[in-house]
Amino acid sequence: MSVAIEERGRPNTQDYRVFFKNSEGKYISPFHDIPIYANEAENIFHAVVEVPRWTNAKMEIATKDPLNPLKQDMKKGNLRYVANVFPHKGYIWNYGAIPQTWEDPNHKDSDTGCCGDNDPIDICDIGNKVCSRGEIIKVKVLGTLALIDEGETDWKVIVINIEDPEAADFNDIDDVRRLKPGYLEATVDWFKRYKVPDGKPENQFAFNGEFKDRDFAIKTVKSTNEFWKALISKRTHAGELNCMNTSVSDSPFCCSAGDAEAVVKSACAFGAEDPIPSSVDKWFYDEK
């Protein structure tokens, strides 16, 4: 699927947004309009890269805004940057989400005992390439980690970009353990500690922090796609989520290309970026 991005506002400010366009130049939602599957028969999924590896800005699909552009998360009135918890520099994978998925906050997961976090399902791409913000990649699912984030189920699906030169060698979670030794342990460590510099406790995991395999992960992704189908067809209450889309023809939230264009045109014009605060480079060490 050929998708282009259009930036609005000034990068590293509260008004910065990344909108998405299809091959015809029509605006689309990365949450609702990009198909979940790149190849359904082979379980190849699309993923939207929100945060390139080794960067810190907590960019995410704005699930409550029309057309769901990428924007930087805010905490206590400030732009949110993820801390460098030694020895990790920013995000240690390309981080993003699978479109047309939704972790339903009204559904209590039978495995974790917690409800969904109200977002599309998250991915960690372990490929070699450092992707760009807003890039759409095709991925193979390898396994998943069940983070319990402040009492909510927050699946972290481990994937590899199918265009990675080594992708053929990776088919399940054990391949990651064998071919990228230490990466899964670092991933658990990262998710456990990434909120500690903000004064929060260490995060917890279901399954004692063990990774579940490919088949389990694919089943989990497909279940979140079913929750999304209920959301986009209004069989589930959307709450604050914005379901505006331009391609889901049987969705009551489907809008015209003109309506979509009006959303983008109402955003601030693209401009010069603000500097990233120097504090973002700081290392945080474990308190002993």
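Above this text you will find the structure in question.
Below is a short write-up of the structure. (Residues numbered from 1 in each chain as written. Predicted model: local features only at pLDDT ≥ 70, side-chain atom pairs only at ≥ 80, totals over all residues. Heavy atoms only, no water.)

## So, the pairing of strand β12 (residues 122–125)
Next up, step 1: Here β12 shows no split at all, with Asp122 and Cys124 on one side and Ile123 and Asp125 on the other all buried.
Next up, step 2: Note: strand β11 (residues 94–97) against β12, four bridges, orientation antiparallel. Residue pairing in the sheet places Gly96 in a bridge with Ile123 of β12.
Next up, step 3: Note that β12 and strand β14 (residues 152–161) share four bridges and pair parallel. Bridging across to β14, Cys124 finds its partner in Ile158. (Buried < 20%, exposed > 50% of the residue type's maximum accessible area, 1.4 Å probe, protein only. Helix = DSSP H or I, 4+ residues; strand = E, 2+ residues; numbered from the N terminus. Pairing = 2+ DSSP bridges.)

## Quick look at the packing of aromatic side chains
Next up, step 1: Using the criterion set out here, one finds 16 aromatic pairs in the structure.
Next up, step 2: Ring geometry for Trp93 against Trp190: centres 4.9 Å apart, planes inclined by 70°, an arrangement best described as edge-to-face. Taken together, the residues Trp93 in the loop between β10 (84–85) and β11 and Trp190 in helix α2 (residues 183–193) connect sequence positions 97 residues apart.
Next up, step 3: With relative accessibility at 0%, the residue Trp93 sits in the buried group.
Next up, step 4: Residue Trp190 is classed as buried on the basis of its relative accessible area of 4%.
Next up, step 5: Aromatic side chains Trp190 and Phe191 sit 5.1 Å apart centroid to centroid with 80° between the ring planes, which places their arrangement in the edge-to-face category. (Phe/Tyr/Trp six-rings, centres within 6.5 Å; stacked < 30°, edge-to-face > 60°.)

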